[in-house]
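Residues per chain, in single letters:
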Amino acid sequence: MQQAILHLQNVTKQFSESTYPAVDNVSLTLQQGDVLGLLGPSGCGKTTLLRMIAGFERLESGTIEIGGQVVCNTSKYIPAEQRDIGVVFQDYALFPHLNVAENVAFGLRNISKQQIQKRVAEVIELVSLKGLEKRYPYELSGGQQQRVALARALAPQPQIMLLDEPLSNLDIQVRLRLREEVREILKAAGTSAIFVTHDQEEALAISDIVGVMQQGHLEQLGTPEEIYTHPASRFVAEFVTQANFLPARRQGNLWETEVGSFEIPVHHNNDTGEIMIRQEDLILKPTTDAPVVIRTRRFLGREYQYCLQTPSGKELHARTMTNTALPVGTKVQISIASDAVKVFPG
Ligand code: ATP
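Quick summary incoming for the structure in this document. (Residues numbered from 1 in each chain as written. Predicted model: local features only at pLDDT ≥ 70, side-chain atom pairs only at ≥ 80, totals over all residues. Heavy atoms only, no water.)

## Section: the side chain of Ser-233
- Note on placement: Ser-233 falls in the loop between α7 (224-229) and α8 (234-241).
- Taking relative accessible area as the criterion, Ser-233 reaches 17% and is therefore assigned buried.
- Side-chain polar atoms of Ser-233 contact the side chain of Glu-219, separated by 2.8 Å.
- If sequence neighbours within four positions are ignored, Ser-233 has contacts with Glu-219 and Phe-344. (Helix = DSSP H or I, 4+ residues; strand = E, 2+ residues; numbered from the N terminus. Buried < 20%, exposed > 50% of the residue type's maximum accessible area, 1.4 Å probe, protein only. Polar contact = N/O pair within 3.5 Å; in protein donor to acceptor, adjacent residues only side chain to side chain. Contact = heavy atoms within 4.5 Å.)

Right under this line is the structure:
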């Protein structure tokens, strides 16, 4: 059975300069060996939360436990260097005057020279940088530099790795490849990790568990599948899936909207609300007297993305496979698989 490696209980951080808390009453548990993706828009408190876990920032209230031991609460504060944590930042932060092997060896203390060499060789192999040991950071690509930063943080075998937007400075191809590799490297090392990102797809792809934050709050904690299929709030649905929302009124089992009525089997207390429809769940059927019209169509390779306009002027977005192309100006009837729809209180 998995064991908790990190536990946060009601953690709050209020900077004296601001009127609302940067981190507000956050509780979460990270299980041994899991990768937790912390996702949220700019300024929602992701970095502040990470800095408190690392020990670079104190808290106003709450408790942080690592490996069952309290490292921080209102009366106790164990400094960063004693917390057994590896940190990787967005800007690599390598030492420019040290080569790859020396950078990786930097955090290794209290072991023999031979053991250092062995460990450095191991992690360099793990991050696929064999042969580049003697290069200096300026002789490496961005992706390679980030792998060195990862190796340097992993070398002392920390209990937890904290990665703050480690891929944001890389171009898209490198970023996509490296996100797979980072997950594999963390899994191979058996290290528990928190990976901060504002990119939904990255969070879903890299994580065992995703935490979605907004304005200091942890809005939802769940597996990538849970977050995607059962968003706990409208914010999570909008931020994670970029879903459409339509005001709706209930008549029995049917929810009536300006573009048609949809049967939604789940029980709801409210008679009005907003129904959520993901872009890929909209089915478009050309119909001459239909209320919705295609305004734009973008070709994305495997899919088309349509922007549709409703009678009230609202925009809806739909994605369909490229084997069915509908021209701009087509009037379409909308349908949805009923189990793909969710209602949020309006
Ligand atoms: P980003 O994705 O842009 O890095 P973030 O989610 O990591 O954002 P934080 O950097 O944690 O967000 O910031 C959360 C809030 O706390 C913001 O409103 C920010 O302005 C504020 N904040 C962060 N650091 C400080 C500080 N040292 N002093 C005062 N306010 C701060």
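Structure's up, so let's keep going.
## Notes on the sheet that holds strand β6 (residues 85-88)
- Reading across from one edge, β6-β7-β8-β3-β9-β10 is the order of the six strands in this open sheet, with mixed pairing throughout. Each end of this open sheet is capped by a strand with a single partner; those strands are β6 and β10 (217-222). Geometrically, the sheet is characterised by an average inter-axis angle of 15 degrees between neighbouring strands, direction not taken into account.
- Relative to β10, strand β9 (residues 209-214) runs antiparallel, the two being bridged by five bridges. The residue bridging Val-210 from the neighbouring strand is Gly-222, located in β10.
- Each of β3 (35-39), β6, β7 (160-164), β8 (192-197) and β9 touches helix α1 (residues 46-54); the most contacted strand, β7, lies at about 150 degrees to it.
- Against the sheet, helix α4 (residues 142-154) contacts β6 and β7, and its axis sits at roughly 170 degrees relative to β6. (Pairing = 2+ DSSP bridges. Axes fitted to C-alpha atoms, helices over the stretch in contact; angles between N-to-C directions.)

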